[in-house]
Amino acid sequence: MGDGKRADSGSSDSGDDAVVGNVNKLLVLPPGYSGKPKKGHLIFDACFESGNLGRVDYITEHEYDLFVRPDTCNPRFRVWFNFTVENVRPDQRVIFNVVNFSKTKSLYREGMSPVVKSTSRPKWQRIPSKTVYYYRCPDHRKNYVMSFLFCFDRAEENEVYHFSYSYPYTYSRLQTYLERIEKKQLNYFKRDLLTLTVQQRRLDLLTITAHENFNDSDRKNVVFVTSRVHPGESPASHIVQGFLDFILSSHPVARVLRENIVFKVVPMLNPDGVYLGNYRCSLMGFDLNRHWQDPSPWAHPTLHATKQYLMNLHSSPDIDIDFYIDIHAHSTLSNCFMYGNIYDDEDRFQRQAVFPRLMCSNADDFSFANTAFNRDVVKAGTGRRFLGGILDESSYCYTLEVSFYNYFNGLSPNPIPYTEETYMRIGRNLAKTFTDYYKLTPQLVPKPTASSFPYNRDKEKSKKKLSRVSGNSTSSNGHSGIRNTTISPIPRLRQRDRP
Ligand SMILES: [Zn+2]
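## Digging into the overall build of the chain
And then number 1: A tally of regular secondary structure across the chain gives 12 helices and 21 strands.
And then number 2: A buried classification covers 60% of the 499 residues belonging to the chain.
And then number 3: The long-range fraction of contacts in the chain, counting pairs at least 24 apart against all pairs at least 6 apart in sequence, stands at 73%.
And then number 4: When the accessible surface of the chain is split by element, carbon and sulfur atoms take 51% of a total near 19700 Å².

## Some details on the nonpolar core
And then number 1: Counting residues in hydrophobic clusters, the biggest one holds 99 residues, and the most contacted among them are Phe44, Phe96, Phe163 and Phe434.
And then number 2: The residues contacting Phe96, other than those within four sequence positions of it, are Leu42, Phe44, Tyr64, Leu66, Val85, Met146, Ser147, Phe148, Phe152 and Phe163.
And then number 3: Leu269, Ala305, Leu310 and Phe386 belong to the second-largest nonpolar core, a separate cluster that totals 22 residues.

## Examining the pairing of strand β13 (residues 202-208)
And then number 1: With six of its seven residues buried, β13 lies for the most part within the structure.
And then number 2: As paired strands, strand β12 (residues 189-196) and β13 are joined by seven bridges and run antiparallel to one another. Directly across from Lys190, in β13, lies its bridge partner Thr207.
And then number 3: Turn length for the β12-β13 hairpin, with the two strands adjacent in sequence and antiparallel, is five residues, and the turn residue Gln200 shows positive phi of about 65°.

## What to know about the sheet that holds strand β19 (residues 396-403)
And then number 1: Ordered in space as β12-β13-β15-β14-β16-β19-β17-β18, the eight strands form an open sheet in which the pairing is mixed. Among the strands making up the open sheet, the edge pair consists of β12 and β18 (372-374). Within this sheet the neighbouring strands show an average axis-to-axis angle of 20°, counted without direction.
And then number 2: In this structure, β13 lies alongside strand β15 (residues 262-266), joined through three bridges in antiparallel fashion. Bridge pairing in β15 places Thr207 opposite Lys264.
And then number 3: Helix α1 (residues 171-183) rests against β12 and β13 of the sheet, and its axis sits at about 145° to β12.

## Here we look at the confidence of the model for the chain
And then number 1: Overall, the prediction assigns the chain a mean pLDDT of 86, with 84% of residues at 70 or greater.
And then number 2: Confidence drops under a pLDDT of 50 for residues 2-16, and excluding neighbours within four residues, the segment shows 53 contacts in the predicted structure.
And then number 3: Segment residues 443-499: pLDDT under 50, and 117 contacts once partners within four positions in sequence are set aside and those in other chains are kept.

## Description of the packing of helix α6 (residues 301-315) against helix α9 (residues 383-390)
And then number 1: Two numbers describe how α6 lies on α9: the axes approach to 12 Å, and their chain directions differ by 25°. In terms of axis orientation, α6 runs roughly parallel to α9. Where α6 crosses over α9, the handedness of that crossing is right-handed. In this structure, α6 contributes Lys307, Leu310, Met311 and His314 to the contact, and α9 contributes Phe386, Leu387 and Ile390.
And then number 2: Tallied by class, the residues present in the contact of α6 with α9 amount to five nonpolar, one polar and one charged.

## Describing the packing of aromatic side chains
Ring pairs (aromatic) are described by centroid distance and by the angle formed between their planes.
And then number 1: The final tally for this structure, using the stated rule, is 48 aromatic pairs.
And then number 2: With a centroid separation of 5.6 Å and an interplanar angle of 75°, the aromatic rings of Phe150 and Tyr161 are classed as edge-to-face. Here Phe150 is found in strand β10 (residues 143-152), whereas its partner Tyr161 is found in strand β11 (residues 161-164), with 11 residues between them in sequence.
And then number 3: Judged by relative accessible area, Tyr161 falls into the buried class, the value being 1%.
And then number 4: Pairing Phe323 with Tyr396 gives two aromatic rings, centres 6.2 Å apart and planes at 50°, and the pair type is tilted. One end of the pair, Phe323, is in strand β16 (residues 319-330); the other, Tyr396, is in strand β19, with 73 residues separating them in the sequence. Both residues of the pair, Phe323 and Tyr396, count as buried.
And then number 5: Arg357 extends its terminal NZ or CZ atom over the ring of Phe368, reaching a point 4.4 Å from the ring centre.

## Overview of the side chain of Ser361
And then number 1: Mapped onto the fold, Ser361 is located in helix α8 (residues 354-362).
And then number 2: Looking at Ser361, the relative accessible area reads 15%, which means it is buried.
And then number 3: Within the structure, Ser361 has its side chain in polar contact with the backbone oxygen of Leu358 (distance 2.8 Å).

Parameters at a glance
Residues numbered from 1 in each chain as written. Predicted model: local features only at pLDDT ≥ 70, side-chain atom pairs only at ≥ 80, totals over all residues. Heavy atoms only, no water. Helix = DSSP H or I, 4+ residues; strand = E, 2+ residues; numbered from the N terminus. Buried < 20%, exposed > 50% of the residue type's maximum accessible area, 1.4 Å probe, protein only. Contact = heavy atoms within 4.5 Å. Areas by Shrake-Rupley, 256 points an atom, 1.4 Å probe, with all protein chains shown as cover. Core = buried A, V, L, I, M, F, W, Y, C linked by side-chain atoms within 4.5 Å. Pairing = 2+ DSSP bridges. Axes fitted to C-alpha atoms, helices over the stretch in contact; angles between N-to-C directions. pLDDT = per-residue confidence, 0-100. Parallel < 35°, antiparallel > 145°, perpendicular 65-115°, else oblique. Left-handed = near helix turned anticlockwise from the far one by under 90°. Nonpolar A, V, L, I, M, F, W, Y, C, P; charged D, E, K, R; others polar. Phe/Tyr/Trp six-rings, centres within 6.5 Å; stacked < 30°, edge-to-face > 60°. Lys NZ or Arg CZ within 6 Å of the ring centre and 35° of its normal. Polar contact = N/O pair within 3.5 Å; in protein donor to acceptor, adjacent residues only side chain to side chain.

Dropping the structure here:
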């Protein structure tokens, strides 16, 4: 969760149960047991990339208390967990209680559940909601505890069960993905090293644009995307991968986008935090999304390098940064939605609502009702707020948030849990929305022109599209198309849409 109204604040300390370091192949035996370990004496492990489990307490043969390992150098944040369990007995049933979360509000109340996979079932899936409980527990200083029941139904030799807060997306996975793209030697893709992290990991900067745009001196429109400043918000990486897959593809819309726009993507702003299994902070315990105003090259090197690069782009006479979008995941709200800024310039404020409204018409999980515009003092250090105050008034800066749990698509009253695939779909929809934006609002930017986009050459299609965004599509749960508005001139943001 990036910069929402209800941002994670963390609790003031980690309590009496301070936990340092991850469990390492920890064999948990009943108290007083001195014999040889048997099947069913569980072995817990979190010593792997993005792993997080700090402590395990044996309660009974069927019940274990689990402690999230706090973020490195910042015990206030304890949310992300990611660990394996092995040496299970066939059909062994257990209750796992995660007892030291730093947050109280959680989508667990709405039915969210951890994800699980195992050696013979390698695809992540959510544990059924009906076996997950979230409650204040008198045994743990009235902390909120999340308990889930689980049956180790496959007990083949060496079957390893893997549990996680959300679908993991590691630093290494990103590196492998980027290396695969590099091997294709696409002439419209460039991968640069912006800097190295404190622990010497890569801060990648990707440039995606038509080959000609790399060298000519024409004016360029830039869309700048960042993600994973908050390391535990792994859905953001799935969105970025879906976005990159689309804009790198041979799809005609992707080709037109590349011809007209220079995409700059920093897919993982906090590689050390991701690697270490932190939820919110960097290796040194900083919430980097509160330091955009004055990042230090030694304390916040990835943020410092990204900001410096952005500022250089901004000062370049032939570059227009049209969009800055920072991708996050939200731990208490449903749907996909955006946070934007409030500007004194009424027109700019109104124009800012265009992109989220277009996104709403492209993505059935996007909610304009959840979308909010604010200028809270505490959010002044976020990328969205800082850049909103620096970039030209034709630029738009947003935080894109997606629920850790679910969305309402306006067709069914029941929420739909997100999967890795539906997170990636958001990335594709985000890319497609740029087409609509530039096609429909040519008055906002001199280039690319509306005629650059294929839909506009096709009157029928264009009409259909226009009616989609200006029409009457309205549904429950705030799932609105654009109501009471037309596209040209720009849709007005109604007073009640304001926070
Ligand atoms: Zn966040």
